[in-house]
Amino acid sequence: MFATPRYQMHRLEILALEAVGHFVFSFSYQLLETLETKTLETAKMRLKNVRDMFHHTIPPRLVNEITEKLLSCINSLCYLIKEKFHDETMEDVISVVTHPALSRLDCTLYCHGMVSLLYRRLCVLNKIKVLKLRVMDSEGEQLITAGIKVMSELEEFSFECNCTDDILIEITKSCKRLRCLDVKGSVRVSDTSVTALKQLRHLECLNVFGTSISHSGYKELINGLADHLKAFGCSGITDILLRALTDLEALTIGGEGYSMGVFAQFRKLQRVSLFCACFGDVMALLTAVGEQLIHLELHNCKGIDIKLIAESCPAIQNFGIFSCSYAASTHQTLRARGSGFQKLKHLTIDKSSKYPACMNVDHLVLLYVLSQSPAVKTISIESYADLDEDFVLSLLQTSGLAELEELCVHAVRTTVLPLQGLRLIVARCANLSVVNVSGSASQGKDVEVFLREIKYAFPGIRVSVEMSPTNTF
């Protein structure tokens, strides 16, 4: 029930990538489906031929984008790995699509089994400049350190929650060009790494929030790196240490151990991620630096007032709230349209309304924020609220969403975005390229029909609708 297909010239490359991805998926699926131990050598030979063709024909400028697409396709095959020879063949499949010229690899996009296989390829990816890791099994640390030894060009490294001192020490030995390092939440990172980290003379961004580094370790890091740090994250910081960081552009901190008044000296600060603070402290921070912020994340903060944030941060472009609670007055203060969020481009709401008595307050927050955000490009929602068709109609009436490119919605203990609501959004938003919805209450056959309609009318849009059982396109 859509109009003539919407073909957009700038999405022809996307369609080509989809075609290549479909070929690799089909080829790999057929290989695994017919594979027996006696045909393993034949499979290896076929994969070698494909690898040689792929590695010699892909233009260098497309290596990163094509590799990410193909890895995403292969990721969906991991559930087929049941026998050891399947695992070996999947490793060969991954070697086909991990081009030696790859300069960016984000392992956070893939499942645990896929990541374990990717780690075995790190030792041949010597052109990597950006590396993001996510999990680590028993052999993971050894594979990661072996890979890092060849990554002399590495500039950005992220390994949240699972990094270790040994990995960091290897990075300081092998990756002298490193500019950004994010290991927040990694309890196996301790003071043992501090001396080595100080040797990274090009380091501009360091996030060790939630690690086991002590106050004295933070002090040593700051004394050694403050002159060239632009972004820093740590927990348990004090006023004295903060005063040595007044030239920072980005800061990640907890809500205790310092006074908010110290931020009046942070004239360059533009990005803040704040954890476990009451809203009184949040407002003290925003009073000091709110007008200059372009990025604000609030995690586990209590009693946040969206209207006051909007009024305090007129330049905000990226706003995220994660497992926070709203102010009791939210139902009253957000009824009237406000005057903030005019420059907002990215909005994230992650399970903030988690109390049954007010779980639909996310309706008000979304309508209030988006009605003032003509340039918003990405919206990511994980909510307890019931985002039904009436909500979608209200949203489209109050916000044009003319610039929207990506929409991700996940329902928690409720239903979300019926198909008719999705139809309205897809038809209205001309720039939309990605739609991911999970928690839909629609029937499986209806979802299949809907996905076929989207594929025909909007071939440049990648749509996923998950339910029980899962249905994806």
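In case you missed it, the structure is sitting above this.
Residues numbered from 1 in each chain as written. Predicted model: local features only at pLDDT ≥ 70, side-chain atom pairs only at ≥ 80, totals over all residues. Heavy atoms only, no water.

Novice: Please clarify how the overall build of the protein chain should be interpreted in this entry.
Specialist: Counting its regular elements, the protein chain contains 17 helices and 15 strands. Counting every position in the protein chain, which comprises 473 residues, the buried fraction comes to 52%. Approximately 21400 Å² of the protein chain is accessible, and the part contributed by carbon and sulfur atoms is 52%. (Helix = DSSP H or I, 4+ residues; strand = E, 2+ residues; numbered from the N terminus. Buried < 20%, exposed > 50% of the residue type's maximum accessible area, 1.4 Å probe, protein only. Areas by Shrake-Rupley, 256 points an atom, 1.4 Å probe, with all protein chains shown as cover.)

Novice: Would you take a moment to explain the environment of Ser152 for this structure?
Specialist: Here Ser152 shows up in the loop between α6 (140-148) and β3 (156-159). Separated by 21 residues in sequence, Ser152 and Lys173 have C-alpha atoms that sit 9.3 Å apart. Residues within four places of Ser152 in sequence aside, it is in contact with Ser174 and Arg177. (Contact = heavy atoms within 4.5 Å.)

Novice: Explain the nonpolar core to me, please; I cannot follow it from the model alone.
Specialist: Phe157, Phe263 and Ile306 are the most contacted members of the largest nonpolar core, which has 140 residues in total. The greatest single-element share of this core, amounting to seven residues, is contributed by helix α14 (residues 361-370). Aside from chain neighbours lying at most four places away, what touches Phe263 is Leu242, Leu251, Ile253, Tyr258, Leu269, Leu285, Ala288 and Val289. (Core = buried A, V, L, I, M, F, W, Y, C linked by side-chain atoms within 4.5 Å.)

Novice: Please clarify how helix α5 (residues 112-119) should be interpreted in this entry.
Specialist: Buried residues dominate α5, accounting for six of its eight residues. All buried positions along α5 are accounted for by Met114, Val115, Ser116, Leu117, Leu118 and Tyr119.

Novice: Any chance you could explain the environment of Asn318 here in plain terms?
Specialist: Its location among the elements puts Asn318 in strand β10 (residues 318-322). By relative accessible area, which is 22% here, Asn318 ends up partly exposed. For the pair formed by Asn318 and Lys345, sequence separation is 27 residues and the distance between their alpha carbons is 6.0 Å.

Novice: When you look at the side chain of Ser116 in this model, what are you seeing that I'm missing?
Specialist: Residue position: Ser116 is located in helix α5. Among the polar contacts listed, one links the side chain of Ser116 to the side chain of Asp137, at a separation of 3.0 Å. (Polar contact = N/O pair within 3.5 Å; in protein donor to acceptor, adjacent residues only side chain to side chain.)

Novice: What is the right way to look at the pattern of salt bridges in this model?
Specialist: In a structure, side chains of opposite charge can pair up when their charged atoms sit close to one another. Under the criterion given, the structure shown has 12 salt bridges. Here Glu68 ties to Arg104 by a salt bridge, and the two come within 3.9 Å at their closest N and O atoms. With Glu68 in helix α3 (residues 63-75) and Arg104 in strand β1 (residues 104-106), this pair connects stretches of sequence that are 36 residues apart. Classification of Glu68 by relative accessible area gives partly exposed; the value is 35%. Note on Arg104: relative accessible area 39%, which makes it partly exposed. With a shortest N-O distance of 3.0 Å, Asp182 and Lys184 are connected by a salt bridge. (Salt bridge = Lys/Arg side-chain N within 4 Å of Asp/Glu carboxyl O.)

Novice: Where do I start with the packing of α6 against helix α7 (residues 165-174) in this structure?
Specialist: The axes of two packed helices give the description: the angle between them and the distance between them. Two numbers describe how α6 lies on α7: the axes approach to 9 Å, and their chain directions differ by 10 degrees. Considered as vectors, α6 and α7 are oriented roughly parallel to each other. Taking contact as the criterion, the partners of Glu141, Ile144, Thr145 and Ile148 in α6 are, on α7, Asp166, Ile167, Glu170, Ile171 and Ser174. Of the residues belonging to the contact of α6 with α7, the class tally is four nonpolar, two polar and three charged. (Axes fitted to C-alpha atoms, helices over the stretch in contact; angles between N-to-C directions. Parallel < 35°, antiparallel > 145°, perpendicular 65-115°, else oblique. Nonpolar A, V, L, I, M, F, W, Y, C, P; charged D, E, K, R; others polar.)

Novice: Looking at this structure, how should I read unusual backbone geometry?
Specialist: Excluding glycine, most residues fall at negative phi; most peptide bonds, likewise, are trans. Positive phi outside glycine occurs at Cys276, with the angle close to 55 degrees. Position of Cys276 relative to the elements: it lies in the loop between β8 (271-275) and α11 (279-289). For Cys276, a relative accessible area of 49% gives the class partly exposed. Not every positive phi belongs to a glycine, and Ser323 is a case in point at roughly 50 degrees. Looking at the secondary structure, you find Ser323 in the loop between β10 and α13 (330-333). Ser323 gets classed as partly exposed once you look at its relative accessible area, which sits at 23%.

Novice: What exactly am I supposed to notice about the side chain of Asp305 here?
Specialist: Here Asp305 shows up in the loop between β9 (295-299) and α12 (306-312). Although Asp305 is buried, it makes no salt bridge; Lys307 carries the closest opposite charge, 7.0 Å away. A polar contact of 3.2 Å, which involves the side chain of Asp305, links it to the backbone nitrogen of Leu308. Leave out the neighbours within four places in its chain, and Asp305 touches Phe279, Ala327, Ser329 and Thr333. (Lys, Arg positive; Asp, Glu negative; His and termini not counted.)

Novice: Explain the packing of aromatic side chains to me, please; I cannot follow it from the model alone.
Specialist: Aromatic ring pairs are described here by two measures, namely the spacing of the ring centres and the angle between the planes. Per the counting criterion, the structure on display carries four aromatic pairs. Aromatic side chains Phe157 and Phe159 sit 6.4 Å apart centroid to centroid with 85 degrees between the ring planes, which places their arrangement in the edge-to-face category. Neither residue differs from the other here; Phe157 and Phe159 are each classed as buried. (Phe/Tyr/Trp six-rings, centres within 6.5 Å; stacked < 30°, edge-to-face > 60°.)

Novice: Help me out: how do you make sense of the state of the cysteines in this one?
Specialist: By definition, a disulfide links two cysteine residues through a covalent bond between their sulfur atoms. If you walk through the whole model with that rule in mind, you get zero disulfides. Among the cysteines around Cys278, which has no disulfide bond, Cys301 carries the closest sulfur, lying 8.6 Å off. (Disulfide = S-S within 2.5 Å.)

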